[in-house]
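Per-entry structural report
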Amino acid sequence: MKHRNSMRKLGRTSSHRWALLRNMVTELIRHERIETTLPKAKELRRVADNMVSLGKEGTLAAKRQAGGIVHGDEILHKLFTELATRYQARCGGYTRVLATRTRQGDAAPMAYIEFVDRPNELREARPAYPPPPPRDPLPPWLKSQYSRVLVPKSAEPLLTVNA
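What this report covers is the structure whose coordinates are included nearby. (Residues numbered from 1 in each chain as written. Predicted model: local features only at pLDDT ≥ 70, side-chain atom pairs only at ≥ 80, totals over all residues. Heavy atoms only, no water.)

**A look at the overall build of the protein chain**
Helix and strand counts for the protein chain come out as 5 helices and 3 strands. For the protein chain, the α and β elements follow one another from N to C terminus as α-β-α-α-α-β-β-α. Looking at the 163 residues of the protein chain, the share that counts as buried comes to 33%. Contacts spanning at least 24 positions in sequence make up 58% of the contacts within the protein chain whose residues lie at least 6 apart. Surface summary for the protein chain: the accessible area is close to 11500 Å², and the carbon and sulfur share equals 55%. (Helix = DSSP H or I, 4+ residues; strand = E, 2+ residues; numbered from the N terminus. Buried < 20%, exposed > 50% of the residue type's maximum accessible area, 1.4 Å probe, protein only. Contact = heavy atoms within 4.5 Å. Areas by Shrake-Rupley, 256 points an atom, 1.4 Å probe, with all protein chains shown as cover.)

In structure tokens:
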């Protein structure tokens, strides 16, 4: 069974996998776009979105948590200043994974992972969906079949059932 096993193993031990993801998230923050295999990009998306969320939080505890994952003070500074202000209005979905090609040597599916809303992005971000139009409220006697207590006397003939 695969209960509670949500991460891809990527053919590595857990320490090797975390070292790989830490290096990749550091390079993603530095360059804002990297090319890797598709499964690695999908796992990196989780870690990178978590790092941007910590950067938006901006507390000392968040800086220490991010510092345990991201290598280098200049990368940490970029995460907590530039990326945090860029994504202040966005509630998640800070990265985009775009499948590109098949690698020549081992036929691995390759993908770009990049931050959204940045200059020179591969695909423009979609505009936000407009909220649906407001609906007319229902009369109180139609909300539930058990709300006969709320029915006014003028609506009694509407509720009679011809049997």
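More follows now that the structure is in view.
**Focus on the packing of helix H1 (residues 14-31) against helix H4 (residues 73-86)**
The interhelical angle for the contact between H1 and H4, taken along N-to-C directions, is 55 degrees, at an axis separation of 10 Å. Classified by the angle their axes make, H1 and H4 are oblique. Seen along the crossing, H1 lies across H4 with a hand that is left-handed. Together, Thr26, Ile29 and Arg30 of H1 and Glu74, Ile75, Lys78, Leu79 and Leu83 of H4 make up the contact between the two elements. Residue classes in the contact of H1 with H4 are distributed as 4 nonpolar, 1 polar and 3 charged. (Axes fitted to C-alpha atoms, helices over the stretch in contact; angles between N-to-C directions. Parallel < 35°, antiparallel > 145°, perpendicular 65-115°, else oblique. Left-handed = near helix turned anticlockwise from the far one by under 90°. Nonpolar A, V, L, I, M, F, W, Y, C, P; charged D, E, K, R; others polar.)

**Some thoughts on the pairing of strand S2 (residues 95-102)**
Pairing analysis gives 6 bridges linking S2 to strand S3 (residues 109-115), with the strands arranged antiparallel. Bridging from a neighbouring strand, Ala99 pairs with Ala111 of S3. Taking the residues that link successive antiparallel strands as the turn, the S2-S3 hairpin has 6 residues, and the phi of Ala107 there is positive, at about 60 degrees. (Pairing = 2+ DSSP bridges.)

**Quick look at the nonpolar core**
Residues Val25, Ile29, Leu44, Met51 and Leu79 are the most contacted members of the largest nonpolar core, which totals 31 residues. Per-element accounting of this core gives the leading share, 8 residues, to helix H2 (residues 38-57). Filtering out sequence-adjacent residues up to four positions away, Met51 remains in contact with Val25, Ala66, Ile69, Val70 and Leu79. (Core = buried A, V, L, I, M, F, W, Y, C linked by side-chain atoms within 4.5 Å.)

**A closer look at the packing of helix H3 (residues 60-67) against H4**
As a packed pair, H3 and H4 sit with axes 10 Å apart at the nearest point and diverge in direction by 135 degrees. One finds that H3 runs oblique with respect to H4. The chirality of how H3 crosses H4 is right-handed. Facing Ala62, Lys63, Ala66 and Gly67 of H3, the residues of H4 in contact are Leu76, Leu79 and Phe80. For the contact of H3 with H4, the per-class residue count stands at 5 nonpolar, 1 polar and 1 charged.

**As for the pairing of S3**
Summarising burial for S3: 5 of the 7 residues are buried, a large majority. Pairing of strand S1 (residues 33-37) with S3, which is carried by 5 bridges, proceeds in the antiparallel orientation. Among the inter-strand pairings, Ile34 is bridged to a residue of S3, identified as Ile113.

**Section: unusual backbone geometry**
Residues other than glycine seldom take positive phi values, yet Glu32 does so here, at roughly 65 degrees. For Asp117, which is not glycine, the phi torsion reads 55 degrees and is therefore positive. With respect to the helices and strands, Asp117 occurs in the loop between S3 and helix H5 (156-159).

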